[in-house]
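Summary of the model geometry
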Amino acid sequence: MVDYKSYKSGTDIRGVASDEGGKAVTLTDPAVENMAAGFARWLAGKKGSGAKGLRVAVGHDSRISAGRLQAAVTRGLQAAGIQVLDCGLSSTPAMFMTTVSSAEGGAGADGAVQITASHHPFDRNGLKFFTPAGGLDGPDIAAILSYAAELDKQGGIASLPGGGGAEPLGYMPRYAALLRGIIAKGTGKAEAEKPLAGFHIVVDAGNGAGGFYASEVLAPLGADVSGSQFLEPDGYFPNHIPNPENEQAMESICKATLASGADLGVIFDTDVDRAGCVGRDGKEINRNRLVALAAAIALEDCPGGTIVTDSITSSGLKTFLEQNLGGVHYRYRRGYRNVINKAMELEGQGISAPLAIETSGHAALKENYFLDDGAYLITKIIIKMANLRAEGKELEDLIGALPEPVEAAEARLAIKEADFAAYGSRVIAALEEFAAGVDGWEIADDNREGIRVAVDGGKGWFLLRLSVHDPIMPMNLESDRAGGVKDMAAALLPFFRQFDGLDIAPLEKLV
């Protein structure tokens, strides 16, 4: 019997989709068919109608299992009576956009399914679901999987009435046109005037779904995109992991930007819901620097607004957001849906929150449906770059005052206990008690995940938290002085050595 609960990964469905990586396939055709039919049932319940006649867009990234899974999803939806809109190779944000009205650049679909596993290895894949209200949350995914399990017991989709159909929907060209229009409007020039003429922008799509941004967005607006790399879809990702957080991937786009003499380098993850970029000096605009840049842009039209981030952002970023930009920094839990949901919650309370952004590169702007869209974020950055150039300034000028740490490290401590969540919670509680008794350590009062402690008179900090899904306790450490990280790790080791259920070797390596 299939354990459908095991497919849940936060707000996504994930599993092994190819045996070429040496692991047994878990995302089998029958399981995926049942999940798709489960989404049809869930969607019909939300609409207060039967599934028959509802329209659901289906797209995929470049993974090697995409064709097989798209066919299985289509069969499951059709068995429930759904009309499938086949979008083929697509970005995840574009699939959400199919659900908005045609007047707003969408296709008016009732729902959408994107087949992707983001930056995970080539043999993995998964499903993301959308309605016009946005991406589904964890409880929604649990309900869909519960419906799939019920259907499995009833014999699968053969027990459903059928009656659905399928038709092609070439949405990506429409989505690219939408982005071009945003750039034209933002720069005050018509598309025919080539508003990006004179700019050299290098794009690295990591062989995922993001190559369209160079050929269908930037080049038609006059940008020189020579030196762009890995634009061709290749589900084996032969050049580097398509992940803006990956060191090798960022090193690759930094080198390409410098080698091309480009004004900007851009890198997307596989399905383009995340992005990072590189300045003309070859320096990364990623993680805290990307948060700072996105916030500087978002706060222009929302002075005093609240920027919601994940918990591991630097102390220097908080200073920059609040003292230099005049905004409010709200640190929240890791997980892109967590920061997005918190920003939406604050908006519901009357607190202006124009941006929710995770250091991983997930950035969601209120003006764009709170959709984490890497291409939209880069579009906003390019508009700002063009407008600054007209004033004789550069993009990097916006974040020149951002204080950056001298040292930074992460130690991922594996939990060896079976009930890892309970064990991790005990470690955090004990560390809070320990830290409160250390001279010169101050527990942060604005932290909402794990425990964050300022040390060395505020010149350093560490954060210990429990991973959202895995038996891991990540510890982040930053210092404004050389040797500060080593000193913090050394001061923490006696505390951690009392916990036999933790593998503290990664922390010991920092000493």
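Okay, so let's go over this structure. Fair warning: this is a prediction, and the values are worked out from it, not measured in the lab. (Residues numbered from 1 in each chain as written. Predicted model: local features only at pLDDT ≥ 70, side-chain atom pairs only at ≥ 80, totals over all residues. Heavy atoms only, no water.)

**Quick notes on the overall build of the chain**
For the chain, the count of helices and strands is 14 helices and 23 strands. For 511 residues, the compact-globule estimate of 2.2 N^0.38 gives 24 Å, and the chain sits close to it at 23 Å. Its C-alpha atoms give the chain principal-axis dimensions of roughly 70 × 60 × 45 Å. The 511 residues of the chain split such that 56% are buried. Within the chain, contacts between residues at least 6 apart in sequence are counted, and of these 67% link residues at least 24 apart. Surface exposure of the chain reaches about 19400 Å², of which carbon and sulfur atoms provide 50%. The averaged location of the 66 negative side-chain charges in the chain is 2 Å from the averaged location of its 48 positive side-chain charges. (Helix = DSSP H or I, 4+ residues; strand = E, 2+ residues; numbered from the N terminus. Rg over C-alpha atoms; globule rule 2.2 N^0.38 Å. Buried < 20%, exposed > 50% of the residue type's maximum accessible area, 1.4 Å probe, protein only. Contact = heavy atoms within 4.5 Å. Areas by Shrake-Rupley, 256 points an atom, 1.4 Å probe, with all protein chains shown as cover. Lys, Arg positive; Asp, Glu negative; His and termini not counted. Charge placed at Lys NZ, Arg CZ, Asp CG, Glu CD.)

**Overview of helix α13 (residues 484–496)**
Its 13 residues place the ends of α13 18 Å apart at the C-alpha level, agreeing with the 18 Å of an ideal helix rising 1.5 Å per residue. All buried positions along α13 are accounted for by G484, V485, M488, A489, L492, L493, F495 and F496. (Expected span 1.5 Å × (residues − 1).)

**Comments concerning the nonpolar core**
The nonpolar side chains of a soluble globular protein tend to be buried with one another. Counting 69 residues, the largest nonpolar core has Y213 and I381 as the members making the most contacts within it. The element contributing the most residues to this core is helix α11 (residues 374–390), with 10 residues. Apart from residues no more than four positions distant in its own chain, Y213 is found in contact with L179, I183, V203, L218, F268, A375, I378, T379 and I382. (Core = buried A, V, L, I, M, F, W, Y, C linked by side-chain atoms within 4.5 Å.)

**Considering the sheet that holds strand β21 (residues 460–464)**
To summarise the sheet geometry, strands pair through backbone hydrogen bonds and adopt either a parallel or an antiparallel arrangement. In spatial order, the strands read β19-β20-β21-β22-β18-β23; together these six strands make up an open sheet with antiparallel pairing. For this open sheet the edge positions go to β19 (442–443) and β23 (502–503), each flanked by a neighbour on one side alone. Strand direction decides the pairing type here: β21 and strand β22 (residues 472–479), joined by five bridges, are antiparallel. Each residue of the ladder has a partner; that of G460, found in β22, is S479. Where helix α12 (residues 420–436) meets the sheet, it contacts β18 (407–415), β19, β20 (451–455), β21, β22 and β23, and its direction lies at approximately 30° from that of β20. (Pairing = 2+ DSSP bridges. Axes fitted to C-alpha atoms, helices over the stretch in contact; angles between N-to-C directions.)

**Details of the packing of helix α1 (residues 29–47) against helix α2 (residues 66–79)**
Running from amino to carboxyl end, α1 crosses α2 at an angle of 45°, the nearest separation of the two axes being 7 Å. The angle between the axes of α1 and α2 places the two elements in the oblique class. Note that α1 runs across α2; the crossing there is right-handed. Note on element contacts: α2 touches α1 through R68, L69, A72, V73, R75, G76 and L77, opposite D29, V32, E33, A36, A37, F39 and A40. (Parallel < 35°, antiparallel > 145°, perpendicular 65-115°, else oblique. Left-handed = near helix turned anticlockwise from the far one by under 90°.)

**Considerations on the pattern of salt bridges**
Scanning the entire structure with this criterion turns up 36 salt bridges. Here E322 ties to K318 by a salt bridge, and the two come within 3.3 Å at their closest N and O atoms. Pair noted here: E322 and K318 are both in helix α9 (residues 315–324), with a separation of four residues, about one helical turn. Between R497 and E508 there is a salt bridge, with the nearest N and O atoms lying 3.8 Å from each other. Placement of the pair is R497 in the loop between α13 and β23 and E508 in helix α14 (residues 505–508), with a sequence separation of 11 residues. (Salt bridge = Lys/Arg side-chain N within 4 Å of Asp/Glu carboxyl O.)

**Some words on helix α4 (residues 138–153)**
Under the 1.5 Å per step criterion, the end-to-end length of α4 is 23 Å for 16 residues, consistent within 8% with the ideal 22 Å. Among the residues of α4, those classed as buried are G138, D140, I141, I144, L145, A148 and L151. The buried side chains of α4 occupy one side of the element, clustering within an arc of 160° when seen end-on. In this structure, α4 carries P139 and K153 as exposed residues pointing more than 90 degrees from its buried face. The secondary structure elements touched by the buried residues of α4 are β1 (8–9), β2 (12–16), α1 and β6 (124–131). One or two positions beyond α4, positive phi appears at G155, with a value near 105°. (Arc of directions from axis to C-beta.)

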